[in-house]
Structure formats: C-alpha cells, structure tokens
Amino acid sequence: MTPFDPVQVRSEIPLLARTVHDRPVIYLDSAATSLTPQRVITAMSTYYQRSHANVHRAVYVTAEEATALYEGGRRDVGLFLGSTHPDEEIVFTKNATEAFNLFAKSWGRANLERGDVVVLSQMEHHANIVPWFQLRDEIGIEIKFLEVTDDFRLDLSRFDELLEGAKLLSITGMSNVLGTINPLRELTQRAHAFGALVLVDASQSAAHGPTDVVDFDVDALICTGHKMLGPTGIGVLWARREILAAMPPFLGGGGMIADVSVDGFTPASGVTKFEAGTPPIAEAAGLGEAVRYLRELGMEAIATYEKGLTDDAIARLAHEFSGRVRIIGPTDGVARGGVLSLDVEGVHPHDVAQVLDQFGVCIRPGHHCAKPLMKRFSLAATARVSFGPYSLQSDTNILIESLHHALELFG
Amino acid sequence: MTPFDPVQVRSEIPLLARTVHDRPVIYLDSAATSLTPQRVITAMSTYYQRSHANVHRAVYVTAEEATALYEGGRRDVGLFLGSTHPDEEIVFTKNATEAFNLFAKSWGRANLERGDVVVLSQMEHHANIVPWFQLRDEIGIEIKFLEVTDDFRLDLSRFDELLEGAKLLSITGMSNVLGTINPLRELTQRAHAFGALVLVDASQSAAHGPTDVVDFDVDALICTGHKMLGPTGIGVLWARREILAAMPPFLGGGGMIADVSVDGFTPASGVTKFEAGTPPIAEAAGLGEAVRYLRELGMEAIATYEKGLTDDAIARLAHEFSGRVRIIGPTDGVARGGVLSLDVEGVHPHDVAQVLDQFGVCIRPGHHCAKPLMKRFSLAATARVSFGPYSLQSDTNILIESLHHALELFG
Amino acid sequence: MSNLDDLYREIILDHYRSPRNRGELATPPACRAEGFNPLCGDEITVFIQVENDVLVDIKISGHGCSISQSSASLMSAAVKGKTLDQVHQAIATFKQLMTVHEANIDDPEPVAVDIRALGELAALQGVVKFPVRIKCAILAWNTLDQGLQDFVS
Amino acid sequence: MSNLDDLYREIILDHYRSPRNRGELATPPACRAEGFNPLCGDEITVFIQVENDVLVDIKISGHGCSISQSSASLMSAAVKGKTLDQVHQAIATFKQLMTVHEANIDDPEPVAVDIRALGELAALQGVVKFPVRIKCAILAWNTLDQGLQDFVS
Ligand SMILES: Cc1ncc(COP(=O)(O)O)c(C=O)c1O
Ligand SMILES: Cc1ncc(COP(=O)(O)O)c(C=O)c1O
C-alpha cells in the first residue's frame, strides 16, 4: 500500500480548487457532509450517460448494467462494512435518517410491546432519537438514555441498571458534536449479556476509521452516503440477515411485493422487501465507487492521519487562545475523531462561522441535531470544526488566524 | 417558442449516442425511467464540484449555494406543477413511492378512522395501492376500487356508489400499462361533490403533458424525478398548503424538528416537517434543471409530438401484424399517452424483450407493478413500449422489424 | 473584510454587547411571546405591556447570535412608548427591509424602504446581503408580532 | 443474432412449444409446490408423486417465458422415474450449471460441471450468458426442491 498522501487525495476533489471571497476554500465541515472525489462524480455521470435504466425486471443491456451497478454498489458497501452476506444484509435507504425510521418502525413494531425498553445515549443525533419517540407515542415503549460525563464520555456507571430488561441499545459509534468514539465492542458485549440487540449509528465514524460489523459484533448498523465521500440521496442499513428476514416491510409499493391483488399484498423476501419504488441507482453506483476509494486509501491510514491533524489542532488551539476557545469534547486525544466543537468566548457560534467564512473557512454553527446533548451542557450551539482525509495541518493555521479575527471583532 | 425538434433533444442525451450489440440504442422504456439530458447531469456534477455542502444551518458560501440550489429546485418544481406557494407546498421525497407512503400514513393516520373509505382504481401502480393496504391493516380503513372497462377506460358507472362517504380518491393521471389518461377535472369535480379529497399519481403523466394543480383542481399530486428527465433518488409530493400544514410528520430525525429533549420532540412547521435528514440535494439541483428544460421544450409541444408517435405506432402495428400483436390499451388515440403494452401471439413478453434487445430495442416485460390490472385482464405480463420526447418514428421501424423476428423465432 | 463590516456595523456590536431593555416583566399584567429559530438555536422571549393602545413597556430575554440579539435590542428601543399603530408600522417596515426579491436571490438588493424612518434600525440593512442571517434579524420582530396578536385575542 | 441462438437452442424451443408432463396430479396422494418469480410474473406448480424413494410421477402447470417453461419441461423429463438421490443430484448439478461466479459477473462463465451427466439439460447452458434469465431457468428446480422438502416433512 502506498503511504497516505492527503495532497493526492486533494487533487481528486474538484471543490478544493475553488476560491471564495478570493481565498481558497478551507473545508472544515466534513461531519456535516464530506467532499466528493471526481471519480465518484464520474461514476454517477457515467451511469446516466451510458447505463441509465431502471433496475430489475429488464432484459436489455443498459438495464442489466444498471442492475449490476446497483447490486455491485450493495456488494461494495457490504464489503466495506465487513458484511458476510451483503446481498441479504445491505438495505439502501435515502439517508441514515430513513434507515433509523425503517429499523425503529419495522423491527420495533414487530419486536417491541408497551413497556419494553430501548436504551439510547444523550449524545445521539436526532436521527437516532426522534423515530424512537414516534414509536413510543405509537405503541408505548420506554426510552432510556445513557448519560454523558463531564469529560464528554459515555457514562457507563448506570449501564447495567438501564440495560436490565432492555430489548435494544441503539447508540452512536462517534458523536457528531463531541468527537467522542464509543467503545463498541465493550458496549455490545455488555448489552448482549442482557439479551439486548445493538444498533450502531456509524454515520460519523464510517468514513474516518475501520468498520467491521463482525468484529464489532453488533446486530445492525447505519451509515449515510454523503458523509462517506459518496452522494446525497443514499443511506445504508446493515443488519444480520436473520434479523432482516424476520422484519416486516416498511414503505409499501413496487418492488417490495411478491403479489398484489385488490384484496391485499404479500411482501417479497430478502432486502427487496425494504426497497420500495425505484431505488437510488446512480447514488448506489456513486457510493460503491466512494467506498472502493476509501478502501484503497486504507481506513487505518485515514484514521491515523486524521488523529494527527486532530491532536495537532487541539494542542495549538489550547496554546494560541489559552482558554478563550474551549473545546466541547475530549481533549486528551484518546478515543476521539476529528470533530472539534468550539465555544469561543463572547462570540456566538453563528458569528464565529460568519467571520470564518470571510477567510474561506467552512465550519458549522448550531445544535448539530443533538439537542439533548446541547441541553446536557447548557449550550445553545457550538462552532464545529471537522476534518476529512483531504484536510491539512495548514487548514488549522487559517482556522486559528480567523478565530483571532473573530475574537478581536467581538472583543 | 422554437418548434419542437426531437433531433435537437436527442443531441442533448448522451445515452442515445451509445451502441449495444453493434446497434444504436432504441430506447422505448421511458415509462420505466426517462433518459437524462447532459445539462441535468452537469447540474448535479457542478453541485458536487463547486457547491457541495449540507443545506440549512450554515453560513459559508458553498453551503448557502447548496441551500439556494435545493430551495431553487423546489421552486422550479412548484412552478412546473402550477403550485402557487412552492415553498409551502412542495415536499421532496426519495421517489414517488415514498411520497405515497408519506401521504397515506401521515394524512391517513390523522384523517381516517376505522371504516373510512379510500377509493383507488384497478389501474393503479402498486405505489398507490400497497401503502393503503398497509394503512388498512393498521387502522382498518376500507379500500374500494374503480374498475376498468373492457376497452381499457376507467369504469365510471359505479363512481357515485363507490364515492358515497369516501374521504379520498387516489388515482393515476395516466396508466403506466394501458397508457389511458384519466379525466382528472371531471373526477375531481365529482369526488369533491362527495366531500372526498383527490390525490393524483402524476408519475407517468408529468413529463409527457401539461400539469397544473390549480387547473386540475386536485388536492395533492405525486410525481418522480427519474421519469421527468431528472435523476434517481428524488420524488415530489405537492399538496395544498392547508392540507400539508395540518399533517403530522412522517419520518423522524434531524431537520424536521423544532425541539428535542430527552422527554420528546416538537415537529417543525412547513414542508421541513416532512424532510427528515439530509435531503436529496444534488438530486433537487438535477430535477430543477430537468423541469426547466421540459418547460423550455414546452409541455404542450411534447404532448402533441408524442401523440403523433403513438398514433403512428398504433396504426402501423395493426397494419403490420394484423392481430398477432395486440395492444392492451385504448387504440383510438383518444386520451392516451405514449405507452403501448403489447401482447405478442405465442411469445412471452420476457422473450419478446430478449429478442428485441438483440436489435438494440429497449422495452420492458412484466407486470409493471400493476398486478390488480394484470389480473383484471388475465395477463401475467405484457411487453411494454413507451415513448419520450427523444423518441423517433424510425424507432417504430426497428421495433416492427424486431417484433417480426420474435414472431418468426417462436412461430 | 469589507463584507463583514457591512454586517457587523458598530451600532450592532454595541447593542449586542449592551442590549437595551433586557429582562422580564411580570405576566400578567404583561404578555409574553416566545420565538425561536430551530435552525440555529436562537431563542427569544418578548414581554410587552400595553396600556391604552400604547406599548408602555417591553423587555427581552433569551439568547442568540449578535444579529438576533442586536435586532431585538434595537427593536425594543424603537417601539417602546409607541402607539400600537406605530409599532405595527415599524414591524411592517422592518420586514420589508429584510425582504429579498427572490428573482435577485444571487444578488440580493433591499427593497426600497424609507431608511430615515428607521433610525438606528437602518444599521441592520447589511443583513440582506447574508440571506441566512435574515432569519436571525427577523426573529424578534416576528415574536413581537405574535405577542401583539395574542394580546388582542 | 448468434447470442440469441445460444439462448434459444432448438431443444428449448421444442420443449416450450410441446411441454412434457404438463398437467396436474391428485393431491393426495401427490404433493404440490408452487413457485413464482415476482420480478417477471412466471408461476409454476409442480406435482410430485413419490413411492419407495422413487419419484414415480411429476406434472407441471403454470405459465411463464420460454426459458422457465422449457426448463420445467426438461426437468420433468430428467427426473421422472429417478430415485430421490438421483433427483437431488440433478437439482444440485443444475444449480451449479446456473451459477455465475460473481467475480466474473461482466463475463459470466459457467462453472465446470459434468455436461454429459446433464443430457438434454445441457441445452440450458446458454442461459448463464443472460444473467437476468437465470431466475427463469431455475424456478422449476427450486420449486421441485421445495416440494421434496415438504414431502419429507
Ligand atoms: C404510475 C406510477 N406510479 C408510481 C410509480 C412509482 O415511482 P417510483 O418507482 O419512482 O417510486 C411509477 C413508476 O414506477 C408509476 O409508473
Ligand atoms: C451521528 C449522525 N447520525 C445520523 C445522521 C443523519 O444522517 P442523514 O442526514 O444523512 O440522514 C448524522 C448526520 O447528519 C449524524 O451525524
């Protein structure tokens, strides 16, 4: 394997050649969405230019190619996640959020009853909270939250108490606000001991380090195309095939049925059951290319590289601002990814982002769809900086320069 | 307006430059998915290359551009459908199927009770059947079907009887099997007289003739990007704003909430409420470009042009095969679109399609996700030919040549 | 950074650092209305006291970015002591100031409004060049509007 | 059209035009199993009668394309009168014939199988070059397999 070369990666990303306000784009918002390599864009364009057709049910050449691209995307994503049976375990949805709704409502309605407990954590994204509330309002399940410690880690002190009798632990692999990486193997082992299944939100972690569903020993896992160098409009639910096979359909329509009459319908079997209507074909072709590219780069290599960037940024922010810029998240460099939520003294995150924009620096202010977590730390918003495999240490230079400017303006 | 020029349209569609089996592609499967003009592909590539960012909640330039592209796509689609308040009336989904599920389950759960009647027709696509069955199984509504006459028209003789007390008529604008175009204005007027709302499936009709929700006087309408020269991964629900405003959310997650705590959530208002998670941003940019293009071509001009193709094909198929190739659908040229389902004597549709493929002719065999309709006519499948604005009369020549070959091989 | 100067005028920064009319009023007799911007988390509570068709007192609490906070502060200064007619007039004028013609979304131009009538509020004019921030600037005004409607009913 | 000739061998067309063992058997004593291919609407019902571990009779009804129909007909001819062991062997061999190595999806190559053991069934070999049709060819075999399993239990 060639050594990891961010400059090479950058050369494949057209957006990084762009300038805004007469300055190069400094993209530090990968936790919101990742930049797209040209080869991913080309994979989709090529589909539309050469093989655009609807999938399944067709015998002509371009339709066969379209089907092969779509099913090939499924296999590539399966390989990327460590699935042993991608054809029976990978469901494509429109985004991670739909995948959570699918799991909560299909698996949930079939397996949970009034009073059953689902355990989440306080650091979940709304995508892994709201569908469970909807299910609670519908069938009366109980939702419990693992808390977050003052040093931004999962509080496991009450783990056994919360998991007692729980049917499911649904938890993020990495917080999109704190950067905290959760100890999946330990959580899974402990949750399984209580007979609970484990669903993991890998939306943040998938593109930044190795994912192996067998190694993690989880039961289901969700991620989203546009945060994995892939396109918008596609998400992924992986679940063990016995689990998927026993789940009832979610959305109804064409493709997910075995038969329909004026009296009722019989669902199809396999992953098809969950893919109603024309699926995201171009998007699967694009995501397939994205995960092939990520594998080529090497997920370990990406993780190591981004850890270097993050450690460096944490050290320099502390040194430069001596406390005026606080990081909301672990700062010891251990078990954390390249997401740095900043609290800039006297400057609202919205204003931080506005000033940074003038320097070409792209960061995201807000609650990051994690309001329970924000409430936990009595914050309305943070200014979130996040790295990708195309980020550079020099990005941090400009980040620091522009933060100085923000502090001055509002000081 | 320049006169409609199919050769010009063809020159904008890269796939038509392709050959298969050493022959040019003769694409006659537009009812399954339409071919994509380069400018639509470019609109999406450009988004990824220059303005890829997540929408909303961001202040930096590319994120503002992404938001403008996404919301601009909404406005363009609204304009295309005749919506007077696109910002409050156009919801983007992943395809038409999700839109039907959204409407059936959100509007349905809020407005229907055990015993309430929803009227469909026997010529509906599964997308407009299965979600209603799911709702029936959940809350016990009753589903009634308008029948189809022997000459492939909606049977209106029992209309009043079926609509008596019905809460909703959900019906297709154009059958994807028969090509039959339903008299929307009449249906709406009569259904409204019974106090029923009218939801229209415009998936087949939207790209082949004018759509004007105000003129049709319908209450909700659904269509799908990939059949409108647009991309996969995006569908559209239009509904009158009072109706949308009163509907509860469907999928839960980020973006669709006003607030979330560990105790529950408050949904957002407006169309946002229905768009959970990262939306199909590139796809909205692509669909926006597609409908701008369609408007430039002129929907009346497209309808007239495709009617010419269809009338010609009907006449020539009758003349060439004197009964050995039967059209399952109206053949008088009145109120029908460019979809011709063929029943070829002694040759199974699957085999027809296979033989035609060798001539580069792309058609679709199968039940076309309309099994109740197939059962109505005791057919397992048809061989469906369908036109688009890039189709030519000469396509019909090759279709006829290859049909002769199929009849010979199996004769 | 000339763009930024358009947005962050000195008056705005001043109202952000030293907000006017901050606090709460006892309800009743006062009315309260809450507004928030789900996209960025800005939250505002407006307390108003109306007597004989005059807005005799107004207080603002909540939190948010410099634009939403200064807009609230500027608003409170502009409407306090005014008749309800004048207040409604001010709300309408301000909303007009914040209107971007959709046709010009790429190059937003403020609609012609009587700038002199706005007084200090004119400082917020630069916001329209930053369409995402319009929601911040307008939050307090919508909340006040809501409060007045609640008061009437 | 050389590709088509690979698919539509004369034997296949013959079995399609004149299917062998078409019809039904009384159940009981016979067993029936239904199979269908939701993607293209092919439906098949297989009736089997087993005595002393021998498949003494088999009948096929249903409808479908030339590939699914001829495959069913060829199958019925190949397994009728055979011991259950031989039938299972035939099913396994046929499935292997229809296996496309995923690595070679673009250029499918049949897996090495003992073609001579297949007899007339070898005519279906061309189907693997048309991956979408494999489902048609294999339908009857899966249905028979199902029927045998049901019979055992
Ligand atoms: C009439 C009709 N309705 C609905 C659909 C479903 O569209 P989609 O597959 O994009 O969800 C289709 C196409 O498949 C259709 O032809
Ligand atoms: C941790 C986490 N989970 C879920 C999501 C939802 O992903 P999507 O918006 O693609 O549905 C996100 C991103 O927004 C996220 O960061």
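Predicted model, so just to flag it, every value in this text is computed and none were measured.

K.L.:
Which parts of the structure should I look at to understand the overall build of chain A?
P.N.:
Check the secondary structure of chain A and you find 15 helices and 17 strands. Considering only C-alpha atoms, chain A reaches an extent of 70 × 55 × 40 Å along its principal axes. In chain A, which comprises 411 residues, the proportion classed as buried is 69%. Within chain A, contacts between residues at least 6 apart in sequence are counted, and of these 71% link residues at least 24 apart. If you sum the accessible surface of chain A, you get close to 12300 Å²; carbon and sulfur atoms cover 51% of it.

K.L.:
I tried to follow the relation of the copies chain B and chain A on my own but got confused; where do I start?
P.N.:
The operation relating the two chain copies consists of a rotation about an axis and a shift along that axis. With an RMSD of 0.0 Å, the fit of chain B onto chain A corresponds to turning through 180° and sliding 0.0 Å along the axis. When the rotation and shift are considered jointly, the pair of chain copies conforms to a two-fold rotation axis. Interface overlap between copies: 100% of the residues of chain B at the interface are likewise at the interface in chain A, consistent with a symmetric, same-surface contact.

K.L.:
Any chance you could explain empty space enclosed by the protein here in plain terms?
P.N.:
Regions of empty space are outlined by a rolling probe, equal in size to a water molecule, passed over the atoms. Tallied over the full model, the rule gives six cavities of 30 Å³ or more. Quantified by volume, the largest cavity comes out at close to 100 Å³. Considering the residues around the largest cavity, the lining is formed by Ile41(A), Met44(A), Ser45(A), Tyr48(A), Ala282(A), Glu283(A), Ile41(B), Met44(B), Ser45(B), Tyr48(B), Ala282(B) and Glu283(B). Looking at the lining of the largest cavity, the elements with two or more residues in it are helix H2 (38-51) and helix H11 (281-297) of chain A together with helix H2 (38-51) and helix H11 (281-297) of chain B. The residue inventory of the lining of the largest cavity, partitioned by class, reads eight nonpolar, two polar and two charged. Counted as a void, the second largest cavity has a volume near 50 Å³. Contributing to the lining of the second largest cavity are Lys94(A), Asn95(A), Gly233(A), Phe92(B), Glu275(B), Ala276(B), Thr278(B), Pro279(B) and Pro280(B). Of the residues assigned to the lining of the second largest cavity, the class counts are four nonpolar, three polar and two charged.

K.L.:
Hey, could you run me through the packing of H2(B) against helix H3 (residues 61-81) of chain B in this one?
P.N.:
Between two packed helices, both the angle of their axes relative to each other and the distance between the axes serve to describe the pair. All names here are of chain B. Between H2 and H3, whose axes approach to 10 Å, the crossing angle comes to 160°. When the axes of H2 and H3 are compared, the pair comes out roughly antiparallel. Relative to H3, H2 is oriented so that their crossing is left-handed. Of the residues in H3, those touching H2 at Tyr47, Arg50 and Ser51 are Thr62, Glu65, Ala66 and Leu69. In terms of residue class, the contact of H2 with H3 is made up of three nonpolar, two polar and two charged.

K.L.:
Explain the interface of chain B and chain A to me, please; I cannot follow it from the model alone.
P.N.:
Many descriptions give the size of an interface as the accessible area lost when the pieces come together. Listed as interface residues are 96 residues of chain B and, on the opposing side, 96 residues of chain A. Both sides of the chain B and chain A interface together cover about 7500 Å² of buried area, and 57% of this is carbon and sulfur. Taken together, the links from chain B to chain A amount to eight salt bridges. The partner of Asp259(B) in a salt bridge is Lys371(A), and the shortest N-O contact between them spans 3.0 Å. Put simply, chain B and chain A have 53 residue pairs in polar contact (both at pLDDT 80 or more) between them. Broken down by element, the residue count for the side of chain B that touches chain A peaks at nine residues, all from H2(B). Class assignment of the residues belonging to the side of chain B that touches chain A gives a composition of 45 nonpolar, 33 polar and 18 charged.

K.L.:
Would you mind showing me how to read the interface of chain A and chain C here?
P.N.:
At the junction of the two partners, chain A supplies 19 residues and chain C supplies 22 residues. The junction of chain A with chain C conceals about 1600 Å² of combined surface from both sides, 57% of it contributed by carbon and sulfur atoms. Broken down residue by residue, the surface that chain A buries against chain C is led by His350(A), Gln354(A) and Gln358(A), which jointly contribute 33%. On inspection of chain A and its partner chain C, the count reaches one salt bridge. Summed over the shared surface of chain A and chain C, the result is six residue pairs in polar contact (both at pLDDT 80 or more). When residues of the side of chain A that touches chain C are traced back to their parent elements, those giving at least two are helix H13 (349-358) and helix H15 (393-410) of chain A. A total of five residues in the side of chain A that touches chain C trace back to one element, the largest contributor, which is H13(A). Here the side of chain A that touches chain C is built from residues that sort into seven nonpolar, nine polar and three charged.

K.L.:
Would you mind going over the site of ligand 1 with me for this structure?
P.N.:
With respect to spatial proximity, 14 residues lie near ligand 1, and among them Thr278(A), Thr97(B), Asp201(B), Thr224(B) and Lys227(B) are the closest. With respect to ligand 1, the chains having nearby residues are chains A and B. Gln204(B) is positioned with one of its side-chain polar atoms (N or O) 2.7 Å from an oxygen atom of ligand 1. Between Lys227(B) and ligand 1, the recorded distance is 2.8 Å, taken from a side-chain N or O atom to an oxygen atom.

K.L.:
Even after reading the chapter, I still don't get the domain arrangement of chain A, so can you show me in this structure?
P.N.:
Residue and element names in this part refer to chain A. One can read the domain layout of chain A as domain 1 (6-30 + 299-410) and domain 2 (41-296). The gap between the C-alpha centroids of domain 1 and domain 2 is 28 Å. Taken together, the 35 residues of domain 1 in the interface contact 31 residues of domain 2. Contact between domain 1 and domain 2 buries roughly 2700 Å² in total, counting both sides, with carbon and sulfur atoms accounting for 61%. Taken as a group, Met299, Leu373 and Arg376 account for 25% of the area that domain 1 buries against domain 2, more than any other trio of residues on that side. At the boundary of domain 1 and domain 2, one finds two salt bridges. As a salt-bridge pair, Asp332 and Arg153 come within 3.2 Å of each other at their nearest N and O atoms. Taken together, the links from domain 1 to domain 2 amount to 16 residue pairs in polar contact (both at pLDDT 80 or more).

K.L.:
Please clarify how the site of ligand 2 should be interpreted in this entry.
P.N.:
Looking at ligand 2, there are 14 residues lining it, with Thr97(A), Asp201(A), Thr224(A), Lys227(A) and Thr278(B) nearest. Neighbouring residues of ligand 2 are distributed over chains A and B. In the environment of ligand 2, an oxygen atom lies 2.6 Å from a nitrogen or oxygen atom belonging to the side chain of Thr224(A). Between His226(A) and ligand 2, the recorded distance is 2.7 Å, taken from a side-chain N or O atom to an oxygen atom. Taking 390 Å² as the accessible area of ligand 2 by itself, protein coverage stands at 95%. A breakdown of the residues in the shell around ligand 2 according to their chemical character gives two nonpolar, 10 polar and two charged.

K.L.:
I'm lost on the sheet that holds strand E8 (residues 197-201) of chain B in this one. Help?
P.N.:
Hydrogen bonding along the main chain pairs the strands of a sheet, whether they run parallel or antiparallel. Residues and elements named next belong to chain B. The strand order across the open sheet built from seven strands is E4-E10-E9-E8-E7-E5-E6, with neighbouring strands paired in mixed fashion. Two strands lie at the open edges of the sheet, namely strand E4 (90-93) and strand E6 (142-146), each paired on one side alone. Averaged over all neighbouring strand pairs, the angle between strand axes comes to 20°, with direction disregarded. Inspection of the sheet shows E4 paired to strand E10 (residues 235-239) by four bridges, in the antiparallel sense. For Ile90, the partnering residue across the bridge sits in E10 and is Trp238. On top of the sheet, H3 reaches E4, strand E9 (220-224) and E10; it is set at about 115° to E4, its chief contact.

K.L.:
Help me understand the sheet that holds strand E9 (residues 220-224) of chain A in this model?
P.N.:
Residue and element names in this part refer to chain A. Across the sheet, which stays open at both edges, the seven strands sit in the order E4-E10-E9-E8-E7-E5-E6 with mixed pairing between neighbours. Since the sheet does not close on itself, it has two edges, and those belong to strand E4 (90-93) and strand E6 (142-146), each with one partner. Adjacent strand axes in the sheet meet at a mean angle of 20° when their direction is disregarded. In this sheet, strand E8 (residues 197-201) lies alongside strand E7 (residues 166-172) in parallel orientation, the contact comprising five bridges. Among the inter-strand pairings, Ser170 is bridged to a residue of E8, identified as Leu199. The strands touched by helix H5 (residues 96-111) within the sheet are E4, E7, E8, E9 and strand E10 (235-239), with E9 carrying the most contacts at an inclination of about 155°.

K.L.:
Just checking my understanding: could you explain the packing of helix H4 (residues 84-97) of chain C against helix H5 (residues 131-152) of chain C for this structure?
P.N.:
All names here are of chain C. Their axes nearest at 10 Å, the elements H4 and H5 cross at an angle of 145°. Classified by chirality, the crossing of H5 by H4 is left-handed. Along its contact with H4, which presents Leu84, Val87, His88, Ala90, Ile91, Phe94 and Lys95, the element H5 presents Ala137, Ile138, Trp141, Asn142, Leu144, Asp145 and Leu148. Its residues placed into classes, the contact of H4 with H5 shows 10 nonpolar, two polar and two charged.

K.L.:
Explain the side chain of Lys94(B) to me, please; I cannot follow it from the model alone.
P.N.:
Take Lys94(B): it is sitting in the loop between E4 and helix H5 (96-111). Apart from the residues within four sequence positions on either side, Lys94(B) is in contact with Thr93(A), Lys94(A), Glu98(A), Leu251(A), Ala276(A), Gly233(B), Ile234(B) and Gly235(B).

Definitions and limits used
Residues numbered from 1 in each chain as written. Chains lettered and ligands numbered in written order. Predicted model: local features only at pLDDT ≥ 70, side-chain atom pairs only at ≥ 80, totals over all residues. Heavy atoms only, no water. Helix = DSSP H or I, 4+ residues; strand = E, 2+ residues; numbered from the N terminus. Buried < 20%, exposed > 50% of the residue type's maximum accessible area, 1.4 Å probe, protein only. Contact = heavy atoms within 4.5 Å. Areas by Shrake-Rupley, 256 points an atom, 1.4 Å probe, with all protein chains shown as cover. Least-squares fit on C-alpha atoms with pLDDT ≥ 70 in both. 1 Å grid on protein atoms, 1.4 Å probe; cavity = no way out; pocket = protein on both sides within 12 Å on 5 of 7 lines; lining within 4 Å. Points joined across faces, edges and corners; volume = space filled by probe spheres on them. Nonpolar A, V, L, I, M, F, W, Y, C, P; charged D, E, K, R; others polar. Axes fitted to C-alpha atoms, helices over the stretch in contact; angles between N-to-C directions. Parallel < 35°, antiparallel > 145°, perpendicular 65-115°, else oblique. Left-handed = near helix turned anticlockwise from the far one by under 90°. Buried area = accessible area lost by both parts, 1.4 Å probe. Salt bridge = Lys/Arg side-chain N within 4 Å of Asp/Glu carboxyl O. Polar contact = N/O pair within 3.5 Å; in protein donor to acceptor, adjacent residues only side chain to side chain. Near = heavy atom within 4 Å. Domains from an automatic or database assignment. Pairing = 2+ DSSP bridges.

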